[in-house]
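Residue strings, one per chain:
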4 protein chains.
Amino acid sequence: MHRGAAESDIQNVSKHLTSRGIRVERLDGHEQTILGILGGSGGYDVGSMSAMPGVQEVVRVSTPYRLSSRNSHPEDTVITLPDGTRIGGDAPSIVIAGPCSVESEDQLRRTAECLRKSGVRFMRGGAFKPRTSPYSFQGLGFDGLEMLKKVSEEFDLFIVSEVMEPAHVPAIAEFTDIVQIGSRNMQNYPLLRQIGNIRKPVMLKRGAAATIEEWLMAAEYILAGGNEKIILCERGIRTFETSLRFTADLGAVPVVKKLSHLPIIVDPSHATGRREFVGSLARAAIAIGADGVMVEVHPDPDRALSDGAQSLTFELFTEMMGELVRVADAIDRPLLVEPQKRIMDSGERIGTTTPVMVKAQK
Amino acid sequence: MHRGAAESDIQNVSKHLTSRGIRVERLDGHEQTILGILGGSGGYDVGSMSAMPGVQEVVRVSTPYRLSSRNSHPEDTVITLPDGTRIGGDAPSIVIAGPCSVESEDQLRRTAECLRKSGVRFMRGGAFKPRTSPYSFQGLGFDGLEMLKKVSEEFDLFIVSEVMEPAHVPAIAEFTDIVQIGSRNMQNYPLLRQIGNIRKPVMLKRGAAATIEEWLMAAEYILAGGNEKIILCERGIRTFETSLRFTADLGAVPVVKKLSHLPIIVDPSHATGRREFVGSLARAAIAIGADGVMVEVHPDPDRALSDGAQSLTFELFTEMMGELVRVADAIDRPLLVEPQKRIMDSGERIGTTTPVMVKAQK
Amino acid sequence: MHRGAAESDIQNVSKHLTSRGIRVERLDGHEQTILGILGGSGGYDVGSMSAMPGVQEVVRVSTPYRLSSRNSHPEDTVITLPDGTRIGGDAPSIVIAGPCSVESEDQLRRTAECLRKSGVRFMRGGAFKPRTSPYSFQGLGFDGLEMLKKVSEEFDLFIVSEVMEPAHVPAIAEFTDIVQIGSRNMQNYPLLRQIGNIRKPVMLKRGAAATIEEWLMAAEYILAGGNEKIILCERGIRTFETSLRFTADLGAVPVVKKLSHLPIIVDPSHATGRREFVGSLARAAIAIGADGVMVEVHPDPDRALSDGAQSLTFELFTEMMGELVRVADAIDRPLLVEPQKRIMDSGERIGTTTPVMVKAQK
Amino acid sequence: MHRGAAESDIQNVSKHLTSRGIRVERLDGHEQTILGILGGSGGYDVGSMSAMPGVQEVVRVSTPYRLSSRNSHPEDTVITLPDGTRIGGDAPSIVIAGPCSVESEDQLRRTAECLRKSGVRFMRGGAFKPRTSPYSFQGLGFDGLEMLKKVSEEFDLFIVSEVMEPAHVPAIAEFTDIVQIGSRNMQNYPLLRQIGNIRKPVMLKRGAAATIEEWLMAAEYILAGGNEKIILCERGIRTFETSLRFTADLGAVPVVKKLSHLPIIVDPSHATGRREFVGSLARAAIAIGADGVMVEVHPDPDRALSDGAQSLTFELFTEMMGELVRVADAIDRPLLVEPQKRIMDSGERIGTTTPVMVKAQK
């Protein structure tokens, strides 16, 4: 309550709450009175009282998210894929890489080969693309998903691809191993609800203007639907600084790890928008303790149909992988690097593989 | 190009462009060379070249939006509703008011009565609500839309209500006079495309972290689909200042009016989040030249199921209306205020009404 | 305290505080315990406890500023100048206008004449200029101040000019009627302390990244020194939106008026950076209830040594004045407009003038 | 120029420039005309033309800073201290640590001992403190500097301490090895000019709302005065995210290294404001390639007179040092760690020491 709020105002607010079955505790200070609400407000929107006479401020001391909070789930969530590969907790950090957009089977195959040479198991590729301009390339749609599926089976890769509308969720979940919610859709609630209904892992990118609390509330929608396999992805927030496309909020990694049990990875490609800065930001993401990074890589970035400026060449990608392995090693959280040999030798897909942690060679 | 870029790099970039049929003009300065692209890039993503050797920066000098630009459409867009009421251009500024969420027919009827007493013709009311928390009230859905329809016919009001998913667009367009795209969905492209397919007016709210350029690009999606009846709505952007819910970017009003031909209104309720500040911000919005304002009003805000803190009481709403009429008058752009008398007298709905501009009484 | 904080942690924090003579009240909720600090912390930095075991968050419920708070000073501060002209409270809103930099006596005289024709009494002009680049024009220094003094006496104007370093404060206070602290110096504490020692009115511009609370804390430095004549000036904050130079935070006007008793004006020139938007933003500032506006005006803006793009021409300035008078009238808070006639007729300076409120002629 | 700008407007702008001796090149595109300015504008503020008829935008393609640009100084600046210790370029990364405020000689001595045990050579400590509140502890002033001097000589440490006003510069330069400009003073130009006149190294912290360009322009003031020994320090920028005190902009490190030759370090203590997050952010700063980090450490943080919540305990500091050594090693840019033994053994100050790079022991 305001300093000097009238006794009648204080009692009015107090009555307003108790009449709704809410338990109120009164604290009379030297200058101000505080009314504490204990045990929850039973769905009543307490914030709506901030305009009542005598009320100075409504301060929330408990978090509005429950299922995504570490309070309700003290252990780290670890997501286990069908072949036993694990994400989060103390599992090795992962690298997800691939083109912004699926353009052709050849493009995917060349990329997959490069990935496997560095031991990477996760390939990204957009088939449905959210583009700022209606005149830009909008993706190959389901044709693109089929290409992803085909190439992923050849190279034993897990596929990450974005879904943009609720009606597409079941189909896209069929084609992918991890369904991605893009940052523009972080608060697309019909989409989040549909995602809550499936049981595939989902990568939830942070909105460019979303607070960490709002991000965890978006995860809450999915958790409330029963899907607990959520990977958060920090991809840069919008600030006044325009030298890079967005501002990578790396501090969000340890903050999220404190507040929540969900795994969190970082996307340095979208955060920077410039290929020359992707590698160093990826190193920093691993050093700060992210559960992985996702980067864009393309056989010929200058000819890419989207996001060419931020896509790594194969050469830069391979260089980055070498660095990440060493930094990951330095913090005792190795990178998941699966030797390509087993696939190259046999020439056929391997059923269940055991992830191997390769220590940095110096 | 960089200061001191190698001649070979300059020629390489130049060739890269001309090989795509893009016309390039070279400008050799004292210290730097500029390559100008004239006549458009024919769909090629020029930005992807920013990482090529020797390139310092890719600067866009023409806007990426075409249909929403004033260059392509020098006259103001004026939206005409079935009864002849006009929005935008030199038409009177409008007021849209109503509850955040539809809660009951009684709530709507009481609000409608208050609106008509002040001469307001546009009622807002959410039936499908995008809520940050999955545990908050999510709206009455189609039941709410039916209530809106019924009450709007009784009181001769135009209805504004939000659509959240592509599949709902046709149905919601049936029930409303203006379909609203909320700020969280400003870049929900499947939704924008659906909206482009209908011919009902649409109100496109600005995303909390969207630049004006991105906002006009979102409008471009709708225009590209053939729907030209777009009203932009500024509702506050996210900044570091947290004393109010968002920061109203009123400067966006004259900037948008310069860049685009589309009407633009302001929502001071969401921008401030606090009822005590709504009236003064609404005055400022009218004074700066907005084509209207949209505010939340509720018969009993402290008991509202959503956004109670920012909803005006009937008393505050009526007071605000009196102020807006005077400010609108002072800038020679009167407020659309239609005398209630004609409806109250006859007790029945009036077919086609002629909007009347009421001058302020002092 | 955290949900599930150990009893020993709660007692430890409680003891930590009581051992410093701080009164603590304990509130045991269903899920969490709150420790309330009543009656102030006696200089102890309570925030430093946020890292103690078991502490979830340190929430401040009383404001950290005292003298600038409306709690400590419920009535509006009204600043009275030597001739009786008043600023703030229910006094007429003022207009301060003039060039960014003092360039010559002729420039000032032509500007002063234009100001007086519109009835303006306050002239701004920079003699010491904070420029982003060391290679830009840095101002005429004390020569500029002497020109300001001379011209102000000829035209009976009050002078507003900026001070940049503590050592200059006494001298600049001699030459001006209102000493300006620029936004870059809002937290230049040695400068604020010096300003606290004088008794001239001071205009304290908001820092581009300063919260309202930090701004009022800066005012607190001046008030703590004994200088109560503070005018706050909102001049745009830095956000992600770059279509204008800064984002005018007009909502800050009613918020500051609620939290503090100090007068607040708005600078639409620096907020927008573009002359074509200054007039409409000034109207909005008056409509929202600012105690005045400050704008840049120049006899030949395209040739100005600084800030030419945002300086009004005489023609635009005169047009804006006509609009402001009408908007001010519409909200029953007239603009201070002093007929030029008395000065033009007599040709000599008038001792004590009585401010006259001129109603808009329509 | 605008699409469809009148030929007369184009010629008018062109003449306006050539009449000032500025060379203009005209580029007529399909839809728009571009006027290129080559060879500099000779001090004329070209931006002031953005409001001239027909002008769409004034775009700068060369950077406004010269001396701080890598164009003018392609090699990294390396700062060499009297004993040969080097900062920047390929020199080992440094750690600067110490209390926020100097409180007592005992506090400093205990801290110095902890620093030297970890091999750290740089101690920070504030004697003049910029505090948001006039009622907070403002520092011990010159008494504090004398304590710093004394303890630094005992332990062979370099001292970093802040200067807040121009008049103090010579005295503080006497007492310290690196003079710090705080983020609130980044654009305090009289102070920057004074700093330009001395020859001591200076650490220039980034303003919380300063773009990288503005930061380099602030460095330009110091360079223009002749002082080339500048270390930039990223300490977090102000954004909408409030879960930490500021948002660390680690991406600024590689961006600055590309644009400028100056060394850059990171301050994770002010960026996070919470001790539990300092260590992980410091690791990320080293991993991304910073030339060093600066952290706050205190013998008893819960009793610190300022910034207690963000100060590391000795235990956390020692743990962090071990981690930093390993991460630095992983990127082949070792940390400067000077064995304490030489000092502890002899018990007396060592004249000129040779920095030793200690590889991580695993």
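Just so it is clear, the model here is predicted, and its values are computed rather than measured. (Residues numbered from 1 in each chain as written. Chains lettered and ligands numbered in written order. Predicted model: local features only at pLDDT ≥ 70, side-chain atom pairs only at ≥ 80, totals over all residues. Heavy atoms only, no water.)

## Topic: the overall build of chain A
Worth spelling out the cut-off: Helical segments are the DSSP runs of H or I of at least four residues, strand segments are the runs of E of at least two, and each set is numbered from the N terminus. Classification of residues uses two cut-offs on accessible area relative to the type maximum, computed with a 1.4 Å probe and protein chains only: under 20% is buried, over 50% is exposed, and between them is partly exposed. The contact criterion used throughout is that any non-hydrogen atoms of two residues lie within 4.5 Å. Surface accessibility follows the Shrake-Rupley procedure with a 1.4 Å probe radius. Residue values consider only the protein chains on display as shielding.
In terms of regular secondary structure, chain A is built from 11 helices and 12 strands. When its C-alpha atoms are laid out on the principal axes, chain A stretches across 80 × 45 × 40 Å. Scored against the burial criterion, the 362 residues of chain A give a buried share of 63%. In chain A, the proportion of contacts linking residues at least 24 apart, taken out of those at least 6 apart, comes to 67%. Accessible area of chain A: about 12,400 Å², with a carbon and sulfur share of 49%.

## Points about the interface of chain C and chain D
One widely used convention gives an interface's size as the accessible area the parts lose upon coming together. Test applied: In this description, buried area is defined as the sum, over both parts, of the accessible area (probe of 1.4 Å) that is lost when the two are combined. Any pair of nitrogen or oxygen atoms within 3.5 Å is treated as a polar contact; in protein, a donor-acceptor pairing is required on top of that, and neighbouring residues in sequence qualify only through side-chain atoms on both sides.
Contact residues are listed per partner, giving 47 residues for chain C and 47 residues for chain D. For the pair chain C and chain D, the two sides together bury roughly 3,900 Å², of which 51% comes from carbon and sulfur. Area buried by chain C at its contact with chain D is led by Tyr 135, Arg 238 and Asp 302 of chain C, which between them contribute 14% of it. Inspection of the region where chain C meets chain D yields 22 residue pairs in polar contact (both at pLDDT 80 or more).

## Comments concerning the relation of the copies chain C and chain D
To keep it simple, the criterion reads: A least-squares fit on C-alpha atoms brings the copies together, and the residues used are those whose pLDDT is at least 70 in both copies.
Superposing chain C onto chain D takes a rotation of 180 degrees combined with a translation of 0.0 Å along the rotation axis, leaving an RMSD of 0.1 Å. On the angle and the small slide along the axis, the relation comes out as a two-fold axis. In terms of proximity to the rotation axis, the leading residue of chain C is Ala 209 of chain C, whose C-alpha is 2.6 Å off the axis.

## Notes on helix 6 (residues 212-225) of chain B
Residues and elements named next belong to chain B. Threshold: Between the first and last residue of a helix there are one fewer steps than residues, each counted as 1.5 Å, and that sum is the expected span.
Over its 14 residues, helix 6 runs 20 Å from end to end, which matches the ideal 20 Å to within 8%, given 1.5 Å per residue. Of all the 14 residues making up helix 6, 11 are buried; the element is thus mostly covered by neighbouring parts of the structure. Among the residues of helix 6, those classed as buried are Ile 212, Glu 214, Trp 215, Leu 216, Met 217, Ala 218, Ala 219, Glu 220, Tyr 221, Ile 222 and Leu 223. For helix 6, the secondary structure elements touched by its buried residues are helix 5 (189-197), strand 9 (202-205), strand 10 (230-234), helix 7 (252-259) and strand 11 (264-266).

## Observations concerning unusual backbone geometry
Positive phi is not limited to glycine here, since Asp 156 of chain A has a value of about 55 degrees. Here Asp 156 of chain A is to be found in the loop between helix 3 (142-155) and strand 7 (158-162). For Asp 156 of chain A, a relative accessible area of 4% gives the class buried. Despite not being glycine, Asp 332 of chain D has its phi angle at roughly 60 degrees, a positive value. Mapped onto the elements of the fold, Asp 332 of chain D is located in the loop between helix 10 (314-330) and helix 11 (341-346). For Asp 332 of chain D, a relative accessible area of 53% translates into the label exposed.

## Topic: the environment of Ile 94 of chain D
Residue and element names in this part refer to chain D. Along the chain, the position of Ile 94 falls in strand 5 (residues 94-98). On the accessibility criterion, Ile 94 (1% relative accessible area) is buried. Residues Ile 94 and Ile 265 lie 171 residues apart in sequence; the distance between their C-alpha atoms is 8.5 Å.

## Some thoughts on the interface of chain B and chain C
Put simply, the rule reads: Take a side-chain nitrogen of Lys or Arg and a carboxyl oxygen of Asp or Glu: if they are within 4 Å of each other, that pair is a salt bridge.
Opposite the 38 residues of chain B that make contact, chain C presents 38 residues. Roughly 2,900 Å² of surface becomes buried between chain B and chain C when both sides are summed, with 63% attributable to carbon and sulfur atoms. Summed over the shared surface of chain B and chain C, the number is 6 salt bridges. With a shortest N-O distance of 2.7 Å, Arg 206 of chain C and Glu 241 of chain B are connected by a salt bridge. Scanning the region where chain B abuts chain C turns up 14 residue pairs in polar contact (both at pLDDT 80 or more). At the level of secondary structure, the elements contributing two or more residues to the side of chain B that touches chain C comprise helix 7, helix 9 (275-288) and helix 10 (314-330) of chain B. A per-element tally of the side of chain B that touches chain C places helix 9 of chain B first, with 8 residues.

## Let's talk about the packing of helix 9 (residues 275-288) of chain D against helix 10 of chain D
Residues and elements named next belong to chain D. Which entries qualify depends on this criterion: Each axis is a line fitted through C-alpha atoms, and for a helix only the stretch in contact is used; angles between axes span 0 to 180 degrees, taken between their N-to-C directions. Oblique is the label for any angle not covered by the other classes, which are roughly parallel (under 35 degrees), roughly antiparallel (over 145) and roughly perpendicular (65 to 115). Crossing handedness is read from the near helix: turned anticlockwise from the far helix by less than a right angle, it gives a left-handed crossing, and turned clockwise, a right-handed one. Each residue gets one label: Ala, Val, Leu, Ile, Met, Phe, Trp, Tyr, Cys and Pro are nonpolar, Asp, Glu, Lys and Arg are charged, and the others, such as Gly, are polar.
Across the interface, helix 9 lies against helix 10 with an axial gap of 9 Å and an inter-helix angle of 20 degrees. Classified by the angle between their axes, helix 9 and helix 10 sit roughly parallel to one another. The handedness of the crossing between helix 9 and helix 10 is right-handed. Residue-level inspection shows Arg 275, Gly 279, Ala 282, Arg 283, Ile 286 and Ala 287 of helix 9 in contact with helix 10, the latter providing Leu 316, Met 320, Glu 323, Leu 324, Val 327 and Ala 328. Per-class residue counts for the contact of helix 9 with helix 10 are 8 nonpolar, 1 polar and 3 charged.

## Quick look at the relation of the copies chain B and chain C
When chain B is fitted to chain C, the residual RMSD is 0.1 Å, and the transformation amounts to a turn of 180 degrees plus an axial shift of 0.0 Å. Looking at chain B, 100% of its interface residues are interface residues in chain C too, so the copies touch through the same face.

## Some words on the packing of aromatic side chains
Short version of the rule: For Phe, Tyr and Trp, rings pair up if their centres lie within 6.5 Å, where Trp contributes its six-membered ring, and each pair is then called stacked (planes under 30 degrees apart), edge-to-face (over 60) or tilted (otherwise). Note on criteria: charge over ring means Lys NZ or Arg CZ within 6 Å of the ring centre, with the direction from the centre no more than 35 degrees off the ring normal.
On inspection of all chains with the given rule, the structure shows 16 aromatic pairs over all chains. Plain terms: the ring middles of Phe 142 of chain B and Phe 175 of chain B are 6.5 Å apart, the flat faces sit at 50 degrees to each other, and that makes the pair tilted. Of the two residues, Phe 142 of chain B sits in helix 3 (residues 142-155) while Phe 175 of chain B sits in helix 4 (residues 169-175), which places them 33 residues apart along the sequence. What links up through ring pairs into an aromatic cluster is the set Phe 128, Phe 142 and Phe 175 of chain A. The aromatic ring of Phe 246 of chain B is capped on one face by Arg 235 of chain B, whose charged end is 4.2 Å from the ring centroid.

## Details of the side chain of Ser 68 of chain D
Residues and elements named next belong to chain D. By the secondary structure assignment, Ser 68 is in the loop between strand 2 (33-38) and strand 3 (79-80). Its relative accessible area of 0% is what places Ser 68 among the buried residues. Here Leu 216 takes part through its backbone oxygen, which lies 3.2 Å from a polar atom of the side chain of Ser 68. In this structure the side chain of Ser 68 is engaged in a polar contact, spanning 2.9 Å, whose partner is the side chain of Glu 220. Not counting the four nearest positions on each side in its chain, Ser 68 is found in contact with Leu 216, Ala 219, Glu 220, Leu 223, Leu 259, Ser 260, His 261 and Leu 262.

## Overview of the pattern of salt bridges
Going through the model one piece at a time under the given rule, you end up with 104 salt bridges over all chains. Between Arg 121 of chain D and Glu 338 of chain D there is a salt bridge, with the nearest N and O atoms lying 3.0 Å from each other. With a gap of 217 residues between them, Arg 121 of chain D in the loop between helix 2 (105-117) and strand 6 (122-124) and Glu 338 of chain D in the loop between helix 10 and helix 11 connect regions that are remote in the sequence. Comparing Arg 121 of chain D with Glu 338 of chain D shows no difference in burial state: the two are buried. Through salt bridges that share partners, Asp 83, Arg 116, Arg 121, Asp 156 and Glu 338 of chain A make up one connected network.

## Topic: helix 6 (residues 212-224) of chain C
Residues and elements named next belong to chain C. Counted at 1.5 Å a residue, the expected span for helix 6 with its 13 residues is 18 Å, and the 18 Å between its end C-alpha atoms agrees. Among the 13 residues of helix 6, 11 are classified as buried, and the element is accordingly described as predominantly covered. Lining the buried residues of helix 6 we find helix 5 (189-197), strand 9 (202-205), strand 10 (230-234), helix 7 (252-259) and strand 11 (264-266). A positive phi of about 110 degrees marks Gly 226, the residue just after helix 6.

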